[in-house]
Each structure stands twice: as structure tokens, then as C-alpha cells.
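Topology and contacts: notes
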Amino acid sequence: MPFSVKDVLSMQVAPALGCTEPVAIALGAAAAVSILPDTGFDSMEIFLDPNVYKNGLAVSIPGTGGLSGLDMAAALGASGGDPSLRLEVLRPILDSHVAEAKATLAAGKITVSLLKDRHGLFVRSVIRRGDDVAESVIEGLHDNITSLTLNGRPVPSPLLKPHGEDGHARLVEMEEWLKGLSLTEIMALTDDLDEADLAFVREGVDVNMRLAEQGLKYGLGLGVGKTLERLVRQGLIKKDMVLAARILASSAADARMSGVPLPAMSSAGSGNHGLTAILPIWAVKDFIDDADEKTVLEAIALSHIVTAFVKAHTGRLSAICGCSVAAGAGATAGITYLLGGDAVHIAGAIKNLLEDLAGIICDGAKAGCALKLSTAAGTAVQAALFALHGVNVHSSDGIIGDSSEDTMRNIGTLAVDGMIQTDRTILDIMLRKRLAEA
């Protein structure tokens, strides 16, 4: 076997501070600034693929008091980011860095360009100071710095390892391997989890629960989670298994999308995917008598693997909401496993969820993502319960295939081949809104 469950977890699951698209922009800027021979810069140009542009446009950046913007992410990375921290590049940001970033934008030093025809994740940062020109390129993965040059010459840097070109190639190879697995083989990977793997999965629970607790305590962002909890207290709705999952997932998204300076444990390159893949399962365990933590953590590991499987088909960024179709599929697989379901039940749950949520679009990262995470979490529980009670959509229905694997491949085809114009239209609408607001 070319890959193990440990490989999947290490390459697909990682802590990320803030939405990963503005974080990638900040990382690129911080990396480029780090190789300049002196501090400060005269100008910066950022070149972005359409999906990074779309996802980074409106989401709040952590540690800034709610500031947002592609140029702001770049300015913050340049003023105080630590590129050695990868997806937590903005962890050292202080108020003084925020003030410096604001001054940089006010001086008109940063320009952001959209590469409309670029496919795949791409962030290029070009920074000038006097006669010096520093450049960084991120490709494929949010923290995959593939090039660092100063005045056109490559600069040796530990930032290029271990997640450089070889790391990206390794991920591509692993995703091809994942796409060839059956659901039974995917489930069998959980048999190889060791104590270190389970401890890492548990760390992800703790990281994401801290976000959920912040969202519930302070009603951040849209306040979806806190509002659902308030409706329970008012007796207007009942807190069952479905609602408990919705509250945890949405409250964590409320906190994360509002810019709380706490990391999320991401899954398949997305913090919100990580919230969806982990928290609904953690909520469901409270409704199971004597739930065994090892089984719960195995269920979450399975969720990460299924999420990675779907993302291998759809690509890292697309016009389809990955929290719904990828992490949602992972969550329902994990919930079904936790509730005692077998491979047949899990396959049915995945197909139920994808029939329900396949049409949800991604219109960028923003506070409203909490609503989508709420929907995905609740549907993940419902799809699992339906499958366990013999309710399964038929392969004759729409894009549903004979198997869950076929269905997930069909979702990939929809995302890659069928939604290209949709993605462009979404971005055009967002850009027109921005122009109208300016």
C-alpha cells in the first residue's frame, strides 16, 4: 500500500488560523518580504486565481477587529506575519501591525490582480524595495511555496521544504490513490490508527471546540449557533441530535468567520471543512449511552478520509460548497459509523446527503458560511439516521450512482466540468457588488 492512514491525516489535516485563502495571501507576502535585504517595501503586486480571489474577498481576518480584504491580508502578512508558521502565519499579528497595514493600504502600495483564466490554487506576490524585487509563488496547496526569488535568482529557504514541489506532488499522488479506493477500503484504513493518530484527531476536536465555545458565548458573526441555542431555551425548538450538531458547527463557523484569533483544525485544505468534518460527530456522541471515545475518534478519522476522497474528485476550490458535499459526506459517514452502521449503511448515508446538498454553491468565505455549516451538519445527521432506517435514494435519481463511490465521482464531474461558468458568474456578481460599493 503506497499510503497509510497516518499519511492521509498528516497531509490533509492541519491547524489554520483564519480562512485559508486570505491566509495563503498573507503567507505569500510574508515569505517574499522575508528575503528582502532590508525592512519595508515600496510596492507589492498580488496575482490570484479566481477561487482564492473569491474566497478571500469578504471574510474577516483574525486579530484585526473584523477587517477584511485581499490587499489587507497581503499587508498584514508583510507587516507582521511569520511565514515559518505556515497556515498560522498571522499568529504574531499585533495592533501595531494592523495600524501599519492600514497605512500601507492608505498609501496605495498594494495592487491585487485577478488571473481570470488561471486554474488551480495560485498566489504570486511581487514586492519591490528600491532596486530589489522579491517574489514568492504558492501553488496547489494553501501553504505550498514553490518558488522564492530575489532579483530573479532562486533563494534557498526552509520555507520551500517540506511542503515544496515534492510535497505537492506527493499530495497529488495520494489523491489519485484515494480516488481508486472503494468505501470498504476507505473504512479499513481506520483499523491502522495508532495512539498517536487518535491523539492527533482528539487535538482537532479540542481546537475546533474552542471556536464553538467562543461562538456560543459571544454570539459572534451572524450568531447562528447562539440564536439556535436561544430558541431552545425559549422552548420554540427542541435540542435533538440534529440540532445539537447544527449548533456546534455553526457556532464555530460564527467565531471563525468573524476573525476570532483562534486556529481551526482544517480538513482537505479548509478550516470550515474541518469544523464540518469533526463537530457534528462530537455532538452526536452525547446522545449515545456510554459512547467509547476511541470509537468516536475513529469515526472522526473516517470523516477526514471521506472528506479527502471527495475533495480529490472536486479539487481544492470549486463552485460547489465543499463544506456541504465533501465534509458533509465525511461527517455523515462518521456519524453512521458511530451509530453502529456498516459499509452498506454508510454508503446509503453518503448518497442521501449528496442528493440533498449537491446544489449548494460556494460564493466565497464570509459570515453567512455559518448557515451552510448548520445545514450540512444537520443534514449529515439526518442522512445517517435515514440510512440506518432503510431510507436510501435510488441510483436512478439524478446524479446518484450505483455506489457511493460512483456518486462522489459524479459530484467531482459536476464540480470540475459542469460548474466552470457558474464559478465565473458568482465571481462576476461579487465583483459588481464591490464596484457598486466603492
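As the structure is a computational prediction, the values presented were derived from the model and not from experiment.

1. Regarding the sheet that holds strand 3 (residues 110–114)
- Spatial ordering of the open sheet is given by 3-2-4-5-6-7, a layout of six strands whose pairing is mixed. A single partner strand is all that each edge strand has here, and the edge strands are strand 3 and strand 7 (153–154).
- Where strand 2 (residues 43–48) meets strand 3, five bridges bridge the pair, whose relative direction is parallel. The partner of M44 across the bridge, within strand 3, is I110.

2. Remarks on the UniProt feature "domain: Serine dehydratase-like alpha subunit" (unreviewed entry) in the protein
- Under the UniProt annotation, the feature "domain: Serine dehydratase-like alpha subunit" (unreviewed entry) is placed at residues 192–428.
- With 68% helix and 2% strand, residues 192–428 has its two end C-alpha atoms placed 46 Å apart.

3. Digging into the environment of A30
- Relative to the elements of secondary structure, A30 occurs in helix 2 (residues 20–34).
- Sequence separation of A30 and S125 is 95 residues, and the distance between their C-alpha atoms is 9.2 Å.
- Apart from the residues lying within four places of it in its own chain, the contact partners of A30 are G77, A78, G81, P83 and V89.

4. So, the side chain of D197
- Mapped onto the elements of the fold, D197 is located in helix 8 (residues 195–218).
- Side chain to side chain, D197 and K6 meet in a polar contact 2.7 Å long.
- Beyond its immediate sequence surroundings of up to four residues, D197 is in contact with V5, K6, L9 and D192.

5. Quick word on the packing of aromatic side chains
- Overall, the coordinates contain one aromatic pair when judged by the stated rule.
- Note on F3 and W177: the rings are 5.4 Å apart at their centroids and 40° apart in plane angle, and the pair reads as tilted. Here F3, found in the segment before helix 1 (5–12), pairs with W177, found in helix 6 (residues 165–179); they are 174 residues apart in sequence, far enough to count as distant.
- On the accessibility criterion, F3 (2% relative accessible area) is buried.
- Stacked on the ring of F122, the Lys or Arg R118 has its end atom at 3.8 Å from the ring centre.

6. Considering helix 12 (residues 293–314)
- Helix length check: helix 12 (22 residues) gives 32 Å between terminal C-alpha atoms against 32 Å at 1.5 Å per residue, within 8%.
- The buried count for helix 12 comes to 19 of 22 residues, which makes it a mostly enclosed element.
- One or two steps after helix 12, the chain reaches G315, where phi turns positive at roughly 90°.

7. Notes on the state of the cysteines
- Applying the stated criterion across every chain, the model contains zero disulfides.
- Among the cysteines around C19, which has no disulfide bond, C369 carries the closest sulfur, lying 7.5 Å off.
- Note on C19: relative accessible area 5%, which makes it buried.
- C321 supplies the cysteine sulfur nearest to C362, a cysteine that is in no disulfide, at a spacing of 6.4 Å.
- Among the residues examined, C362 registers a relative accessible area of 15% and is labelled buried.

8. Some details on the pattern of salt bridges
- One pass over the full model with this rule turns up 18 salt bridges.
- D363 is the salt-bridge partner of K372, the closest N and O atoms lying 2.9 Å from each other.
- D363 sits in the partly exposed class, given a relative accessible area of 29%.
- As a salt-bridge pair, R409 and D406 come within 3.1 Å of each other at their nearest N and O atoms. Taken together, the residues span about one helical turn, with R409 and D406 both in helix 17 (residues 404–418) at a distance of three residues.
- A relative accessible area of 28% places D406 in the partly exposed class.
- A network of salt bridges, in which partner residues are shared, links K6, D194 and D197.

9. Notes on unusual backbone geometry
- A positive phi is found at N151, a non-glycine position, where the angle reads about 55°.
- One can find N151 in the loop between strand 6 (145–150) and strand 7.
- The phi angle at A268 is positive, at roughly 55°, despite the residue not being glycine.
- Here A268 lies in the loop between strand 8 (263–267) and helix 11 (271–284).

Thresholds applied
- Residues numbered from 1 in each chain as written.
- Predicted model: local features only at pLDDT ≥ 70, side-chain atom pairs only at ≥ 80, totals over all residues.
- Heavy atoms only, no water.
- Pairing = 2+ DSSP bridges.
- Helix = DSSP H or I, 4+ residues; strand = E, 2+ residues; numbered from the N terminus.
- UniProt positions renumbered as here; feature names shortened; annotations may be inferred.
- Contact = heavy atoms within 4.5 Å.
- Polar contact = N/O pair within 3.5 Å; in protein donor to acceptor, adjacent residues only side chain to side chain.
- Phe/Tyr/Trp six-rings, centres within 6.5 Å; stacked < 30°, edge-to-face > 60°.
- Buried < 20%, exposed > 50% of the residue type's maximum accessible area, 1.4 Å probe, protein only.
- Lys NZ or Arg CZ within 6 Å of the ring centre and 35° of its normal.
- Expected span 1.5 Å × (residues − 1).
- Disulfide = S-S within 2.5 Å.
- Salt bridge = Lys/Arg side-chain N within 4 Å of Asp/Glu carboxyl O.

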